[in-house]
Amino acid sequence: MPYLDIPANCTAIKAAELTLPKASNFYKAVLASGNETFIAAHQGVDGDEVIIYETEPTVSQSPKHDIRYVERLYVRFDSEDRYMPEVFSLRPDFPEVPHLMLSQNEYPRQFCIYEIPYSELKLNWRAKVFLEDIRNWLTLTAKDELHQFDQPLEPFMLGYGTRIILPAKYHSSRELYFYLANKNAGRLTYLSTHTKISRRGERQMGFITIQFTLPPQVQTMVRFSPTNLLALDQLLKKAGVNFIDDYLNPYLKKASQNQEFASKDDGLILLITVPKLRHKDDTSPLVEIVCFAINNDTIERICLKTGVLIRGGGKIGLALDSTWSEDDVKSIQIEQLVVHSGFRPEMARVYNGMHIENQIGKIGLIGCGSLGSHVFNNLLRMGSEQWALIDDDVLLPHNSARHISHGAHIGNAKVESLKNLALSLYESAQVDILQANYLSAKDEQEIAESLNDVDLVLDISASLPVARKLSKQTNINARKVSVFLNPKGTDLVILAEPENKELSLIELEVLYYRFLCQTPALHQHFEVDDQPIRYSRSCRDISAVMEQDSIAILAGIAAKQVNQLSSNLSGMINIWNIRGNCQVVAFDAPLDKFRSIKKAGWTYKIAESLFTSIDRVREDKLPNETGGILIGMIDLENQTTYVVDTILSPVDSQEYPTAYYRGIAGVQGKLEDISHSSSDHLMYLGEWHSHPRGAGVNMSQADEILFSWIKDHLSSHGYPALMMIFGDRGEVGVCGGV
């Protein structure tokens with residue numbers, strides 16, 4: 001078989017004269033292999049070295065691609081090891097297969113052996129492995145298994161050099177406007193839009209645009225880029241399109257009659273939509289856009305060379321028939337551009353590794369401050385494009401220390417600045433905004449309507465009253481999540497309702513306080529190191545001291561957790577703490593259920609785990625009675641008491657088979673610790689004690705005296721009294737009221 005020639009600037013050398021380490025090692029690997037045969041070595045004038053050899057891939061009797069039992073190849077090694085060693089076939093009829101490199105010439109065909117950059121590959125490059133990978137490339141190609149089913153289809157044609165950015169919602173039927181967005185080191189970047197824009201520093205280009213669609217193409221790749229109009233026409237004929245006669249000239253003839261046509265002096269842009277199929281029976285084509293520019297000829301000269309216009313008598317006029325010569329059309333130089341599609345939410349999800357089925361729909365965000373803006377930005381860039389934003393605040397200069405918005409938005413509503421961010425990222429973004437105070441009664445109707453169609457309500461207002469109000473709003477069907485930082489900005493807290501709503505935000509809140517008290521590492525959770533900073537003259541014009549880098553880290557964690565809620569249907573009480581060494585420690589608080597009991601117009605919600613733990617203590621102390629203190633939170637506005645913990649019987653208590661007298665040893669210190677750890681949210685609620693076996697849970701005369709004392713003690717604070725009596729088989733007597 002006659003083989004192709006190697007590059008003309010190479011001369012034959014002996015293998016012993018190879019000087020490049022990689023070339024020499026590759027030669028040795030060929031000699032040591034039982035599947036390869038060394039043919040010759042060459043050296044180029046620039047110091048590159050070439051090794052010609054034959055390899056024997058594993059090929060069946062009926063290969064899917066025409067790979068031979070013996071293939072002659074050559075490998076070129078760069079003299080300075082700047083580039084991947086290049087692998088070429090010397091066969092003049094090597095088939096068109098996936099994973100070939102783009103070239104200015106169709107032959108010799110170059111193999112694409114690796115996907116990773118050479119800068120990474122060269123760190124562990126081994127000649128023997130490289131040799132085996134080349135042979136394996138041929139073996140898999142013969143079976144048509146090199147391109148895996150789940151891999152993206154190969155590009156129809158690769159561009160290089162000048163870039164063009166298309167609109168995210170590009171459609172070939174709509175007009176395009178072009179702008180020169182960047183020119184760096186001679187490389188141009190054009191931005192195209194379907195509507196005229198005005199952006200500082202961008203010049204609008206006077207391109208004429210021709211857009212058309214090819215018939216569906218089975219997966220293939222054009223290995224060389226046409227550099228003139230004739231080559232492009234010939235290429236497209238193979239794809240089933242007579243480009244010049246059926247598309248270019250009819251368009252130019254029609255456009256030349258438009259008065260604006262003459263002003264289009266920057267050239268011609270060709271945008272070709274290519275539907276690509278994995279195989280001939282594929283019914284779900286993927287679409288690729290290929291773009292060419294003709295910008296070295298004026299529109300008038302292009303029309304003259306393609307026969308649309310004709311020169312005669314010193315004038316130029318429309319030709320009756322568009323006849324053209326191959327030489328004229330070949331002289332029209334074209335450049336293939338690198339096409340970038342505008343950013344879309346589905347692209348964001350792919351680049352972030354998000355699964356479509358786990359995507360949250362519309363998110364209602366209450367609170368667009370520092371943390372809220374960062375969480376919004378993270379979720380936005382992960383593909384969340386549907387929002388309802390609620391915040392009444394305005395972006396002031398001091399907010400720039402931590403808010404995601406930039407200086408141009410100072411003085412604007414925070415909701416407006418975040419909406420602008422979303423629209424600048426996605427053309428398809430749907431962002432409803434309401435500049436309103438969530439707690440304001442006059443805005444309640446608007447707020448309810450704003451959150452009516454959301455799939456998740458995200459409260460990042462850093463306002464306890466907002467979280468409490470949101471928790472009570474039964475007219476909001478969406479799942480509710482509260483995200484906030486501790487006063488120092490070192491801890492992130494997420495409280496998420498379960499999907500079935502069996503726990504409310506306020507119930508999660510009180511369980512969060514209980515966890516803080518029970519976890520020594522979090523006892524300083526609410527402490528503040530620095531005094532707030534006053535940013536204006538009003539007594540309320542103060543801002544907390546928090547570090548931007550900590551907020552950015554914690555906002556990233558928050559966004560990740562929110563995204564996981566679509567697949568995590570249970571409730572959540574999670575805390576993340578940033579330590580001084582930048583270590584992040586996570587805490588997962590246990591959930592609980594509440595038993596609701598009504599007494600004297602007051603609702604007592606008691607944690608189920610408390611019943612269990614006290615029952616266990618009672619059993620351990622029998623036949624004696626025992627008791628302790630009840631700990632929890634009081635919601636005066638809604639006349640609800642949440643009971644979540646206990647201080648067990650102090651050591652100085654007196655426990656008898658028919659009587660119990662609670663002691664005081666250590667009680668005051670424990671109550672102060674609980675108050676400190678929970679920032680005064682958890683407190684003394686009342687007493688509990690057990691009755692002996694068979695005694696029931698009704699109040700004895702001594703119990704009535706104790707309950708009266710509790711009422712007197714708490715009524716001065718406006719709090720309801722509570723006493724619980726534990727008996728046999730989990731029976732509990734609850735005495736409560738004001």
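See the structure printed just above.
Residues numbered from 1 in each chain as written. Predicted model: local features only at pLDDT ≥ 70, side-chain atom pairs only at ≥ 80, totals over all residues. Heavy atoms only, no water.

## Quick notes on the overall build of the chain
- On a plain count of helices and strands, the chain comes out with 17 helices and 35 strands.
- On C-alpha atoms alone, the chain measures out to a radius of gyration of 38 Å, which is more than a quarter above the 27 Å that the 2.2 N^0.38 rule sets for 738 residues.
- For the C-alpha atoms alone, the extent of the chain along its principal axes is close to 120 × 70 × 50 Å.
- Relative to its 738 residues, the chain shows a buried fraction of 50%.
- For the chain, contacts bridging at least 24 residues in sequence account for 65% of all contacts bridging at least 6.
- Each charge class in the chain was averaged separately, 72 positive and 92 negative side chains, and the resulting centres sit 3 Å apart. (Helix = DSSP H or I, 4+ residues; strand = E, 2+ residues; numbered from the N terminus. Rg over C-alpha atoms; globule rule 2.2 N^0.38 Å. Buried < 20%, exposed > 50% of the residue type's maximum accessible area, 1.4 Å probe, protein only. Contact = heavy atoms within 4.5 Å. Lys, Arg positive; Asp, Glu negative; His and termini not counted. Charge placed at Lys NZ, Arg CZ, Asp CG, Glu CD.)

## Considering the packing of aromatic side chains
- Applying the stated rule across the entire model yields 24 aromatic pairs.
- Pairing Trp 125 with Phe 130 gives two aromatic rings, centres 5.5 Å apart and planes at 50 degrees, and the pair type is tilted. Phe 130 matches Trp 125 in its accessibility class, with the two residues each being buried.
- Aromatic side chains Tyr 512 and Tyr 513 sit 5.1 Å apart centroid to centroid with 35 degrees between the ring planes, which places their arrangement in the tilted category. As far as the burial class goes, Tyr 512 and Tyr 513 line up, both buried.
- Three or more aromatic residues joined by ring pairs form one cluster here, namely Phe 26, Tyr 53, Phe 77, Tyr 114, Trp 125 and Phe 130. (Phe/Tyr/Trp six-rings, centres within 6.5 Å; stacked < 30°, edge-to-face > 60°.)

## Focus on the sheet that holds strand E27 (residues 594–599)
- In spatial order, the strands read E27-E28-E30-E29-E33-E34-E35; together these seven strands make up an open sheet with mixed pairing. With one partner strand each, in any of the chains shown, E27 and strand E35 (732–737) form the two edges of the open sheet. On average, each strand axis in the sheet is inclined to that of its neighbour by 30 degrees, with strand direction left out of account.
- Judged from the four bridges that link them, strand E28 (residues 602–607) and strand E30 (residues 640–648) form a sheet pairing that is parallel. Of the residues in E30, the one forming a bridge with Ile 606 is Val 643.
- Packing of helix H15 (residues 608–621) onto the sheet brings it into contact with E27, E28, strand E29 (627–635), E30, strand E33 (683–690), strand E34 (721–726) and E35, and relative to E28 it is tilted by some 65 degrees. (Pairing = 2+ DSSP bridges. Axes fitted to C-alpha atoms, helices over the stretch in contact; angles between N-to-C directions.)

## Regarding the packing of helix H9 (residues 370–381) against helix H14 (residues 548–564)
- The interhelical angle for the contact between H9 and H14, taken along N-to-C directions, is 50 degrees, at an axis separation of 8 Å. Between H9 and H14, the interaxial angle falls into the category oblique. Along this stretch, H9 crosses H14, giving a crossing that reads as right-handed. Contacts between H9 and H14 involve Ser 370, Leu 371, His 374, Val 375, Asn 378 and Leu 379 from the former and Gln 548, Ile 551, Ala 552, Ala 555, Gly 556, Ala 558, Ala 559, Val 562 and Asn 563 from the latter. (Parallel < 35°, antiparallel > 145°, perpendicular 65-115°, else oblique. Left-handed = near helix turned anticlockwise from the far one by under 90°.)

## Observations regarding the environment of Leu 166
- Note that Leu 166 resides in strand E6 (residues 163–166).
- Take Leu 166: its relative accessible area is 3%, and that puts it in the buried class.
- On a C-alpha basis, the gap between Leu 166 and Pro 21 in space is 45 Å, while along the polypeptide they are 145 residues apart.
- In this structure, Leu 166 is in contact with Ser 192, Leu 271, Ile 289, Val 339, His 340, Ser 341 and Gly 342, ignoring residues within four places of it in sequence.

## Details of unusual backbone geometry
- A cis amide bond links Leu 622 to the next residue, Pro 623, at an omega of 10 degrees.
- Here Pro 623 is to be found in the loop between H15 and E29.
- Backbone geometry places Cys 582, a non-glycine residue, at a positive phi of 70 degrees.
- Inspection of the secondary structure assignment puts Cys 582 in the loop between strand E25 (572–578) and strand E26 (584–588).
- Overall, the relative accessible area of 61% leaves Cys 582 in the exposed class.

## Overview of the nonpolar core
- Membership of the largest hydrophobic core comes to 73 residues, with the highest contact counts inside it found for Tyr 512, Ile 606, Leu 682 and Met 724.
- The biggest single contributor to this core is helix H13 (residues 505–518), with 10 residues.
- If sequence neighbours within four positions are ignored, Ile 606 has contacts with Lys 593, Phe 594, Arg 595, Ile 597, Phe 611, Val 643, Met 724 and Val 734.
- Ala 413, Tyr 426, Ala 496 and Ala 558 belong to the second largest nonpolar core, which has 43 residues in total. (Core = buried A, V, L, I, M, F, W, Y, C linked by side-chain atoms within 4.5 Å.)

## Focus on the packing of helix H4 (residues 229–238) against helix H5 (residues 243–255)
- Remark: H4 packs on H5, axes separated minimally by 10 Å, with the N-to-C direction vectors making an angle of 120 degrees. Relative to H5, H4 is oriented oblique. The segment H4 lies against H5, with Leu 229, Leu 232, Asp 233 and Leu 236 engaging Phe 243, Ile 244 and Leu 248.
- For the contact of H4 with H5, the residue count by class is six nonpolar, no polar and one charged. (Nonpolar A, V, L, I, M, F, W, Y, C, P; charged D, E, K, R; others polar.)

## Comments concerning the sheet that holds strand E3 (residues 49–55)
- A sheet is described by the order of its strands in space; here five strands give the open sequence E1-E2-E3-E4-E5, paired in antiparallel fashion. Either end of the sheet is taken by a strand with one partner, and the two such strands are strand E1 (10–13) and strand E5 (86–89). Strand after strand, the sheet turns through a mean of 30 degrees between neighbouring axes, direction not considered.
- Pairing of E1 with strand E2 (residues 36–44) involves four bridges; the strand directions are antiparallel. Among the inter-strand pairings, Cys 10 is bridged to a residue of E2, identified as Gly 44.
- The strands touched by helix H1 (residues 21–32) are E2, E3 and strand E4 (71–77); relative to E3, the strand with the most contacts, the crossing angle is about 15 degrees.
- Against the sheet, helix H3 (residues 127–142) touches E2, E3, E4 and E5, its axis set at about 140 degrees to E4.

## Quick look at H5
- Helix geometry: H5 is bent most strongly at Asn 249, by close to 30 degrees, with proline Pro 250 lying one to four residues after it.
- Those residues of H5 that sit buried are Phe 243, Ile 244, Leu 248, Asn 249, Leu 252 and Ala 255.
- Contacts from the buried residues of H5 go to strand E10 (207–213), H4, strand E12 (267–277), helix H6 (299–305) and helix H7 (326–330). (Bend = angle between axes of the 7 residues up to and from the residue.)

## As for helix H16 (residues 667–677)
- Taken residue by residue, H16 has Val 667, Ile 674 and Ser 677 as its buried positions. All buried residues of H16 lie within an arc of 100 degrees about the axis, which places them on one face of the element.
- Ser 679 lies just past H16 and shows a positive phi near 55 degrees. (Arc of directions from axis to C-beta.)

## Examining the pairing of strand E8 (residues 187–193)
- In terms of burial, E8 is a largely internal element, six of the seven residues being buried.
- Bridge count between E6 and E8: three bridges; the pairing is parallel. Bridge pairing in E8 links Ile 165 to Leu 191.
- In terms of strand pairing, strand E7 (residues 177–184) meets E8 through seven bridges, oriented antiparallel. Following the sheet pairing, Asn 184 is matched in E8 by Arg 187.

## Some points on the side chain of Asn 399
- Take Asn 399: it is sitting in the loop between strand E18 (386–390) and helix H10 (414–425).
- Under the relative-accessibility criterion, Asn 399 is labelled buried at 11%.
- Polar contacts involving the side chain of Asn 399 include one to the side chain of His 398, which spans 3.3 Å.
- Excluding its chain neighbours within four sequence positions, the residues that come into contact with Asn 399 are Val 394 and Lys 414. (Polar contact = N/O pair within 3.5 Å; in protein donor to acceptor, adjacent residues only side chain to side chain.)

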